[in-house]
Each structure stands twice: as C-alpha cells, then as structure tokens.
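An overview of the molecular structure
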Amino acid sequence: MVIAVIAALLVSILSLVPFWVAVKRVRLINETASAGVLGPFLLTIAISFLILLAGIVLCKLIAADYQVVYSLTELIAFTVGVVVMGLLIKQRQK
C-alpha cells in the first residue's frame with residue numbers, strides 16, 4: 001500500500017507540471033489579446049487530467065486491490081498541490 005501512495009504522489013506532482021506551465025503562460029499574455037490563449041490553456045489542463053486518469057487506469061491494471069487508496073491519494077495530492085501553487089503565485093504577485 002505504501003508503494004501505491006508513493007506512486008500516487010509522484011503522478012500527482014507530474015500532473016501539476018502542465019498545469020503550472022499553463023498558469024505561467026497565461027500570466028505572460030497581454031490582457032487585451034487574451035482570447036487566443038484560452039485554447040492552449042484548456043489543452044494543458046486537459047493534459048493534466050489525462051495524466052491523472054492514466055495513473056488510475058494503470059493502477060487498476062497492475063494492482064486493483066489498492067485502487068481506492070491510490071485514487072484518493074492522487075486526488076488529495078493534486079488538490080493540495082493546486083492550492084499551494086495558487087497561493088505561491090498569489091504571494092509572489094504582492
């Protein structure tokens with residue numbers, strides 16, 4: 001079970017990378033020309049969720065007994081990571 005938790009944490013951190021890149025790129029865009037950035041932003045968010053989903057499917061195939069533990073750990077780690085990332089970005093702007 002420890003291996004499932006560690007794997008979930010690593011996959012959650014990996015899925016935060018596209019999300020972090022998307023947020024950084026949106027911050028660099030001019031406010032008047034922001035309509036064109038919505039597509040790539042949503043695509044990188046979708047990639048983050050696809051990484052999470054691929055981890056869940058892989059866990060189901062490899063160790064179905066630990067899927068609930070893996071999924072909950074992955075969900076909590078991703079949520080905490082997004083909140084912490086948002087707080088850090090907001091703190092840097094001040």
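Now for a look at the structure at hand. (Residues numbered from 1 in each chain as written. Predicted model: local features only at pLDDT ≥ 70, side-chain atom pairs only at ≥ 80, totals over all residues. Heavy atoms only, no water.)

**Observations regarding the packing of aromatic side chains**
The relative placement of two aromatic rings is captured by the distance of their centres and the angle of their planes. Applying the stated criterion across every chain, the model contains 2 aromatic pairs. Where Phe 19 meets Phe 78, the ring centres are 6.5 Å apart and the plane angle is 70 degrees; that geometry is what we call edge-to-face. Separated by 59 residues along the polypeptide, Phe 19 in helix α1 (residues 2-28) and Phe 78 in helix α3 (residues 67-93) bring together distant segments of the chain. The same class applies to Phe 19 and to Phe 78, which are both buried. One aromatic cluster in this structure is built from Phe 19, Phe 49 and Phe 78. (Phe/Tyr/Trp six-rings, centres within 6.5 Å; stacked < 30°, edge-to-face > 60°. Helix = DSSP H or I, 4+ residues; strand = E, 2+ residues; numbered from the N terminus. Buried < 20%, exposed > 50% of the residue type's maximum accessible area, 1.4 Å probe, protein only.)

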